[in-house]
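Structure at a glance
Listed below are the residues making up each chain.
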Amino acid sequence: DSITSQNLNLKQNLKSEKRILRISFVGSAIFLLSECAAAFFTHSQAVLMDCIYDIVDLAMLGPFMILVPKLYRPVTEKWPYGFSQIESLFILIKCGLLLFLDIQLLTDSVQLILDGGHLINAGAVAAFELFISVSCMLMYFILRYLNKKFSSPTVSAELYIWKLDAYSTGGVGAAFLIQILLQHMNITWITPYIDPAIAIIMAVILIKEPVTMIWDALKSLILL
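Everything quoted here is computed from the prediction, not taken from an experiment. (Residues numbered from 1 in each chain as written. Predicted model: local features only at pLDDT ≥ 70, side-chain atom pairs only at ≥ 80, totals over all residues. Heavy atoms only, no water.)

Here we look at the overall build of the protein
Selection rule: Strands here are runs of E lasting at least two residues and helices are runs of H or I lasting at least four, both read from the DSSP assignment and numbered beginning at the N terminus. Each residue's exposure class comes from its accessible area (1.4 Å probe, protein chains only) as a fraction of the maximum for that residue type: buried when under 20%, exposed when over 50%, partly exposed otherwise. Methods summary: accessible areas were calculated by the Shrake-Rupley approach with a probe of 1.4 Å, and residue burial reflects only the protein chains presented.
Across its full length, the protein holds seven helices and zero strands. Helices and strands in the protein line up, N terminus first, as α-α-α-α-α-α-α. Residues classed as buried in the protein amount to 45% of the 224 residues present. Roughly 12,300 Å² of accessible area belongs to the protein as shown, and the carbon and sulfur atoms make up 70% of that amount.

So, the pattern of salt bridges
To keep it simple, the criterion reads: Whenever a carboxyl oxygen of Asp or Glu lies within 4 Å of a side-chain nitrogen of Lys or Arg, that contact is scored as a salt bridge.
Scanning all chains against the criterion turns up one salt bridge. Among the salt bridges present, the one from Asp216 reaches Lys219, with a minimum N-O distance of 3.9 Å. Here Lys219 and Asp216 lie together in helix 7 (residues 208–221), a separation of three residues that amounts to about one turn. On the accessibility criterion, Asp216 (41% relative accessible area) is partly exposed. Its relative accessible area of 28% is what places Lys219 among the partly exposed residues.

So, the side chain of Glu129
Using the following cut-off: Any two residues having at least one pair of non-hydrogen atoms within 4.5 Å are treated as being in contact.
Residue position: Glu129 is located in helix 4 (residues 122–146). Once you skip the residues sitting within four places of it in the chain, Glu129 turns out to touch Val47, Asp50, Thr169, Gly170, Val172 and Gly173.

As for a positive patch on the surface
Our working rule: Patch definition: residues with relative accessible area over 30% and no salt bridge; like charges joined within 9 Å; nonpolar side chains (Val, Leu, Ile, Met, Phe, Trp, Tyr) joined within 5 Å. The charge count includes Lys and Arg as positive and Asp and Glu as negative, but it does not include His or the ends of the chains. Where a charge lies is defined by one atom per residue type: Lys uses NZ, Arg uses CZ, Asp uses CG and Glu uses CD.
A grouping of Lys15, Lys18, Arg19 and Arg22 is seen on the molecular surface, where their side chains present a positively charged patch. If you trace the backbone, Lys18 turns up in helix 1 (residues 2–42). Judged by its relative accessible area of 32%, Lys18 is partly exposed.

Topic: helix 7
Since the α-helix packs 3.6 residues into each turn, any two residues three or four apart lie on the same face. Using the following cut-off: For a helix, the expected span equals 1.5 Å multiplied by the number of residues minus one. The directions considered for the arc run from the helix axis to the C-beta atoms.
The terminal C-alpha atoms of helix 7 lie 20 Å apart, and with 14 residues this matches the ideal 20 Å at 1.5 Å per residue to within 8%. Where helix 7 is concerned, the buried positions are Pro210, Met213, Ile214 and Ala217. All buried residues of helix 7 fall inside an arc of 105 degrees around its axis, so they share one side. Facing away from the buried surface of helix 7 by more than 90 degrees, the exposed residues are Lys208 and Trp215.

A few points about a nonpolar patch on the surface
On the surface, a cluster of nonpolar side chains totalling about 520 Å² of accessible area is made up of Leu181, Met185, Ile187, Trp189 and Ile190. Here Ile187 is to be found in the loop between helix 5 (153–182) and helix 6 (194–205). The class of Ile187 is partly exposed, set by a relative accessible area of 36%.

Below you can see the structure in the form of structure tokens.
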């Protein structure tokens, strides 16, 4: 009876994880297309960076959806640790890419400040980024609700991506709203520096989670 119950739980977890990843994949694809269009029309570096983050997420999520059923296969002599090590490897690669992009965003933003900042259509970017931020936060809560019954490193990484998108797009949207307000004051000289300054703050805040996930994945790979 205990074995049958365990098998049922594994099947239920597999079904839930596949559903969560499928929803995340579709949502990422929709947001990626909208962000690419917005980056093309607004020429915004911040929106373009969001596109890069989403491309990484989508590129890694597709192959992993194929791997997920293997994670729930029983341990065999050929695979004494199952496929959990492969999951850790995927998490390591994905979070490694996100960490690299986070550092790249940080250095690019510093360079923008050194170059005198930049100005774009603040109203259009603010409206788009705030809409995307609210949509990403809604997706985050939906996925977190679906993930309440079991713990999965892969789904945790997806939740981090959606939270990252919500924070980053919300920060950029707020930055451009501030820029619009400052354009009507006597301190307009600061407006070109708002976007890169907010990007630097977000990059520093959000660097912690991928580092933590990379460390956990490394420990899992060497069976600590």
